[in-house]
Amino acid sequence: MSEYFFLVNVGDGIVSSVCLSKFIPNRLSKSPIGIKYKVAIYIQNLDSTIWKKIDEVEFNNSNNITLKSSSYDLEVGQLAVVVPCNIEAVLDDSVNILPEPLSRKVDHSPVNERATISFKKGNVYSSFQGEFPYQMSKIKGAFLTFDPLILGNSKDIKTKIVFINIHSKILTVKDYFELFVADIKTKETILSKGYMHNSACIIDISSSEDSGYVFYSKETLGIPIFISYDEKGGYLSVEHTHPPAEYFWNNKIEGQRLLKQNWLSQL
Amino acid sequence: MKNILLRKAINFWHYFNASPFSIIHSKLRMGKLGTDVSDFFAFRLDEYETIFIAENNLALFTARPIECKHIFHFIDDSGNACGVFEVNSEDFHYNLAINKSMTGGVMVGGFTHHIKYADNVVSQYDSLLSHFDFQHRGYTGFRKMGQAGFSYVHGNFGGLYFDKDENIKSLARLRTKHVYTPQFTIKPNYDYDFIFSNPVNRKIYIKFLLINVERTEILVYKCLAPFATNKFTFNQLGIENDCNISWETNFPVGRCVVFENNGDYFDVFHA
């Protein structure tokens, strides 16, 4: 298992950042404390299928690397993919397949190789330990999640759902997809928004008092992030929802498949 | 032949030490053990409010509202039961505002979430339920008193269930010592609360390590009673530059809930 990370311009003056350390996230006590690596940052223009390397960052004398979306000229919805790489790797400036991220595991200890992914507006910030799994970037599928994190929010609080979609394999053409928002009870579509391969679909949505929402795409997988904030600058919260497989203790994959089937057949 | 057996034994040893849950019991259907499995969640009512978003798994599974009974067991900082709250709902999600009357006056502790369905519902979905056991992850929201909204962390680890005699049991297991290092920095002039929950029936010991560019130093040793949830606070560590923090435990994955506070704002996340 190895992981990508991402910076994204979500608009409204919100800056995203990624923090990685040279230390192994989870290891046996007797294993090495860290590994040597660097990160490369790749972007893909919204109308292109070519990845451009825009930066390479090493740890030098620090134990940590922190990258900010504001350091790169990203359009709203554009991703900068952060790829951990071997320290000695020679990386091309232009590629059509995103490099496979370096695994930071040194033993059999279980854990996803995460980074701190933060969002900041003014002085207020919020973060989670997250990643975009390399395996997910290579497969097709359907996406479905719910909105429990915005249920009951007051009218003063704005929420963005940011749907991160990374496709690392070669693309001959950039396809156009749609992310839908439906009422969780009536299953009626409320709105939809288009997105392309290798971008973030950003939907501004307000809390529903008497129902809730279901978000879905029948065409791609992705990671949903909910950013809630007030314009006064006193509050910002970010968290990702867990995938439907997590509702099950056993038979997770089959449970997720059936759950998606039960919803998507009605949406 | 000897080499093959040796390799198999080594592989099993790696697999065993990396498994956060009981290998034998995790293969059994929950129906043989209890009902369903819950993560171990943390609440805090000291300067903070805590809400919990509970999921109605069968309703979410079948895409239709189904009445269930949500059951929340609260456990104090010594690992003792301190309250139970039950509520019926057919909604896909239920928002629980946790208060002191539910927790028996306890300000910081842990809780589990379980659900029960009426017999007619169980009969109706018998063929479906015979293939799956539900797991409760949920989302815990924290906010300081008077703040506009909540900041959330999702459930992460636990494997807790109640047996037929209503005794708390766990599928989580202790293994060889592991070191967990979240990918964030400890900053000068910030305060940190680390909330650890112990989902096993044995004491656990935590060795905190502070890492700067020059060296690693042992910060403190802590101990958690069986099934206890404790808050460990680090105020003004006297550091001049950003540092990293690690902790050594016998959990294959020793995650906790971290509160970072700069006096004006706080951030909360699962390490």
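None of the values given here were measured: they were computed from a predicted structure.

### Focus on the confidence of the model for chain B
When pLDDT is averaged along chain B, the result is 90, and 96% of the positions lie at 70 or above. As a predicted assembly, this complex carries a pTM of 0.93 together with an ipTM value of 0.93.

### Concerning empty space enclosed by the protein
With the rule as written, the count across this model stands at 4 cavities of 30 Å³ or more. Estimated volume of the largest cavity: approximately 230 Å³. Lining the largest cavity are 22 residues, with Phe40, Phe157, Ser197, Arg255 and His270 of chain B positioned closest to its centre. Counting only elements with at least two residues in the lining of the largest cavity, the list comes to β2 (41-44), β9 (139-144), β10 (151-154) and β14 (191-197) of chain B. The element contributing the most residues to the lining of the largest cavity is β14 of chain B, with 3 residues. Looking at the lining of the largest cavity, its residues break down into 13 nonpolar, 8 polar and 1 charged. What lines the second largest cavity is Leu149, Ile150, Phe226, Ile227, Ser228, Tyr235, Ser237, Val238 and Glu239 of chain A together with Phe150 and Tyr152 of chain B. Of all the secondary-structure elements, those providing two or more residues to the lining of the second largest cavity are β18 (223-230) and β19 (236-240) of chain A. Class assignment for the residues of the lining of the second largest cavity results in 8 nonpolar, 2 polar and 1 charged.

### Here's the deal with the layout of surface pockets
Residues and elements named next belong to chain A. When its volume is computed, the largest pocket comes out at roughly 1,700 Å³. Listed by contribution, the elements that provide at least two residues to the lining of the largest pocket are β10 (124-130), β12 (143-146), β18 and α1 (252-264). Of the residues belonging to the lining of the largest pocket, the class tally is 22 nonpolar, 18 polar and 9 charged.

### A short note on the sheet that holds strand β18 (residues 244-249) of chain B
One open sheet accounts for 5 strands, arranged β3(A)-β13(B)-β18(B)-β15(B)-β16(B); its pairing is antiparallel. Only two strands of the sheet have a single neighbouring strand rather than two, namely β3 (26-28) of chain A together with β16 (216-224) of chain B. Each strand axis lies, on average, 25° off the axis of its neighbour in the sheet, ignoring direction. Sheet topology places strand β15 (residues 204-211) of chain B next to β16 of chain B; 8 bridges connect them, and they run antiparallel. In the sheet register, Leu210 of chain B faces β16 of chain B, and the bridge partner there is Glu217 of chain B.

### Some words on the interface of chain B and chain A
Residue-level contacts link 66 residues of chain B with 62 residues of chain A. Buried surface at the junction of chain B and chain A, both sides included, amounts to about 5,400 Å², of which 54% is carbon and sulfur. Where chain B packs against chain A, one counts 1 salt bridge. Put simply, Arg137 of chain B and Glu246 of chain A hold a salt bridge, and the shortest N to O gap is 2.4 Å. Here chain B and chain A share 31 residue pairs in polar contact (both at pLDDT 80 or more) between them. Those elements giving two or more residues to the side of chain B that touches chain A turn out to be α1 (2-18), β3 (48-55), α3 (57-62), β6 (93-98), β10, β13 (178-180), β18 and β20 (266-270) of chain B. Looking at the side of chain B that touches chain A, the element that brings in the most residues is β20 of chain B, giving 5 residues. When grouped by side-chain class, the residues that make up the side of chain B that touches chain A number 33 nonpolar, 23 polar and 10 charged. The pairing of β3 of chain A with β13 of chain B spans 3 bridges and is antiparallel. Paired with Asn26 of chain A across the two strands is Tyr180 of chain B, which belongs to β13 of chain B.

### Description of the pattern of salt bridges
Counted according to the given criterion, the structure contains 20 salt bridges over all chains. A salt bridge links Arg44 of chain B to Asp193 of chain B; the shortest N-O distance between them is 3.0 Å. Placement of the pair is Arg44 of chain B in strand β2 and Asp193 of chain B in strand β14, with a sequence separation of 149 residues. Side by side, Arg44 of chain B and Asp193 of chain B carry an identical accessibility label, which is buried. In this structure, Glu49 of chain B and Arg143 of chain B form a salt bridge, with 3.3 Å as the shortest nitrogen-oxygen distance. Here Glu49 of chain B, found in strand β3, pairs with Arg143 of chain B, found in strand β9; they are 94 residues apart in sequence, far enough to count as distant. For Glu49 of chain B, a relative accessible area of 26% translates into the label partly exposed. Salt bridges here are not isolated pairs; linked through shared partners, they connect Lys38, Lys53, Glu56 and Asp93 of chain A.

Thresholds applied
Residues numbered from 1 in each chain as written. Chains lettered and ligands numbered in written order. Predicted model: local features only at pLDDT ≥ 70, side-chain atom pairs only at ≥ 80, totals over all residues. Heavy atoms only, no water. pLDDT = per-residue confidence, 0-100. 1 Å grid on protein atoms, 1.4 Å probe; cavity = no way out; pocket = protein on both sides within 12 Å on 5 of 7 lines; lining within 4 Å. Points joined across faces, edges and corners; volume = space filled by probe spheres on them. Helix = DSSP H or I, 4+ residues; strand = E, 2+ residues; numbered from the N terminus. Nonpolar A, V, L, I, M, F, W, Y, C, P; charged D, E, K, R; others polar. Pairing = 2+ DSSP bridges. Axes fitted to C-alpha atoms, helices over the stretch in contact; angles between N-to-C directions. Contact = heavy atoms within 4.5 Å. Buried area = accessible area lost by both parts, 1.4 Å probe. Salt bridge = Lys/Arg side-chain N within 4 Å of Asp/Glu carboxyl O. Polar contact = N/O pair within 3.5 Å; in protein donor to acceptor, adjacent residues only side chain to side chain. Buried < 20%, exposed > 50% of the residue type's maximum accessible area, 1.4 Å probe, protein only.

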